[in-house]
Amino acid sequence: MRLDKYLAEAGLGSRKEVKQYIKKGQVTVNDQVEKKDKAQVDPLKDVVTFAGEVIKYQEFYYYLLNKPAGVVSATEDKKDRTVMDLFAEADYRKDLFPVGRLDKDTEGFLLITNDGQLAHELLSPKKHVEKEYLAQVKGVMNEQDQQTFVKGIQLDGELTLPAELMIDETDEEKQTSTVRIVLKEGKFHQVKRMVKACGKEVTYLKRIRMGGLALPDDLAKGSYRELSGEELEQLKASK
Ligand code: URA
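Quick caveat: nothing in here was measured; it's all calculated off a predicted structure. (Residues numbered from 1 in each chain as written. Predicted model: local features only at pLDDT ≥ 70, side-chain atom pairs only at ≥ 80, totals over all residues. Heavy atoms only, no water.)

Caption draft 1: Layout of the overall build of the chain. In terms of helices and strands, the chain carries six helices and 15 strands. Since a compact globule built from 239 residues should have a radius of gyration of about 18 Å, the 22 Å found for the chain marks it as more spread out than a globular shape. Burial statistics for the chain: of 239 residues in total, 44% are counted as buried. A sequence separation of at least 24 residues applies to 62% of the contacts in the chain between residues at least 6 apart. Each charge class in the chain can be summarised by its mean position, and for the 40 positive and 42 negative side chains these summaries are 6 Å apart. (Helix = DSSP H or I, 4+ residues; strand = E, 2+ residues; numbered from the N terminus. Rg over C-alpha atoms; globule rule 2.2 N^0.38 Å. Buried < 20%, exposed > 50% of the residue type's maximum accessible area, 1.4 Å probe, protein only. Contact = heavy atoms within 4.5 Å. Lys, Arg positive; Asp, Glu negative; His and termini not counted. Charge placed at Lys NZ, Arg CZ, Asp CG, Glu CD.)

Caption draft 2: Representation of the site of the ligand within the structure. Lining the immediate environment of the ligand, one finds L102, D103, T106, Y133, H189, Q190, V191, K192 and L205. D103 is positioned such that a nitrogen or oxygen atom in its backbone is 2.7 Å from an oxygen atom of the ligand. Contact distances for the ligand include 3.4 Å between an oxygen atom and a backbone N or O atom of Q190. For the ligand, whose free accessible area comes to 240 Å², the fraction covered by protein is 96%. Structurally, the ligand is housed in the largest pocket. Tallying contributions element by element places helix α5 (residues 190–197) first for the shell around the ligand, with three residues. Among the residues forming the shell around the ligand, the class breakdown is four nonpolar, three polar and two charged. Counting residues domain by domain, the shell around the ligand receives three or more from each of domain 2 (62–125 + 215–236) and domain 3 (131–210). (Near = heavy atom within 4 Å. Polar contact = N/O pair within 3.5 Å; in protein donor to acceptor, adjacent residues only side chain to side chain. Areas by Shrake-Rupley, 256 points an atom, 1.4 Å probe, with all protein chains shown as cover. 1 Å grid on protein atoms, 1.4 Å probe; cavity = no way out; pocket = protein on both sides within 12 Å on 5 of 7 lines; lining within 4 Å. Sits in = over half its atoms within 2 Å of the grid points. Nonpolar A, V, L, I, M, F, W, Y, C, P; charged D, E, K, R; others polar. Domains from an automatic or database assignment.)

Caption draft 3: Representation of helix α3 (residues 116–123). If you check which residues of α3 are buried, you get L118, A119, E121 and L122. The arc that holds every buried residue of α3, seen down its axis, measures 165 degrees, which confines them to one face. Residues of α3 that are exposed and point over 90 degrees away from its buried face: Q117 and H120. Buried residues along α3 sit in contact with β5 (62–67), β6 (97–98), β7 (107–113), β8 (131–138), β13 (201–210) and α6 (229–236). Between the side-chain oxygen at the start of α3 and the backbone nitrogen of Q117 there is a gap of 3.3 Å, and the oxygen is on D115. (Arc of directions from axis to C-beta.)

Caption draft 4: Fine view of the sheet that holds strand β4 (residues 53–54). Pairing is antiparallel in the open sheet, where four strands are placed in the order β2-β1-β3-β4. Either end of the sheet is taken by a strand with one partner, and the two such strands are β2 (32–33) and β4. When strand β1 (residues 27–29) meets strand β3 (residues 48–50), the two strands line up antiparallel, connected through three bridges. Counted as the bridge partner of T28 is T49 from β3. (Pairing = 2+ DSSP bridges.)

Caption draft 5: Quick peek at the pattern of salt bridges. Inspection of every chain in the model, using the stated rule, returns 24 salt bridges. Its salt-bridge partner being K200, residue D145 comes within 2.7 Å of it at the nearest N-O pair. Here D145, found in helix α4 (residues 143–151), pairs with K200, found in the loop between α5 and β13; they are 55 residues apart in sequence, far enough to count as distant. What makes D145 buried here is its relative accessible area of 5%. (Salt bridge = Lys/Arg side-chain N within 4 Å of Asp/Glu carboxyl O.)

Caption draft 6: Structural view of the pairing of strand β12 (residues 176–183). Along β12, six of the eight residues are buried, which leaves the element largely enclosed by surrounding structure. With eight bridges connecting them, β8 and β12 associate as antiparallel partners. Bridge pairing links A135 to V179 in β12. Sheet topology places strand β11 (residues 164–171) next to β12; seven bridges connect them, and they run antiparallel. From the neighbouring strand, E169 faces β12, where its bridge partner is T178.

Following this line, the structure appears as structure tokens:
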């Protein structure tokens with residue numbers, strides 16, 4: 001790989017900026033100053049430094065964000081704050097994006113990455129990767145609703161894939177339920193629309209799992225962290 005590409009992808013700056021650093025002699029490869037931006041480096045073997053600091057190369061980044069309500073799952077928005085606004089400057093990269101959309105008022109599990117291939121596979125309805133949601137519902141959900149979820153519901157002229165509805169709690173007096181819903185696809189407002197099709201209404205929604213990876217209890221709302229190698233493997237094993 002070219003040295004300037006290595007440095008730019010490591011997040012040191014734009015291609016133009018890193019070329020300047022190289023030209024000025026601020027970059028070393030294996031303890032030798034390297035002034036050619038075209039010099040070839042092996043990301044697995046060579047030790048590259050800038051201003052005396054080792055610059056590690058990483059192609060893909062994987063962050064798990066506990067999305068709070070009130071921000072949109074987009075990289076940019078004219079009106080609202082986005083999930084990318086929650087990132088610290090040191091972690092932010094232009095190529096990061098959220099994997100799939102959670103509504104503005106939905107909370108919970110949101111993967112942020114620059115790995116387009118993994119994102120595609122996690123979202124493809126063909127791969128059947130499970131997404132589990134916790135929902136508070138106005139109305140008492142019942143066995144009939146569970147069957148409706150399994151049979152599928154017509155949304156936008158298409159039948160939804162079989163989905164699981166687990167009823168954790170119901171309150172007849174208050175006419176409310178706490179449920180968990182497992183989908184294998186991600187249509188627009190899908191949980192809310194499926195619950196509505198049963199004559200009830202979602203009042204709170206949080207995604208708590210994607211594939212084999214659950215939202216960790218210790219990840220505070222609005223915060224994010226890089227996935228560990230093990231967590232990434234759990235996620236990749238889901239597809
Ligand atoms: N289903 C919804 O209705 N909203 C979400 O944000 C995610 C799934």
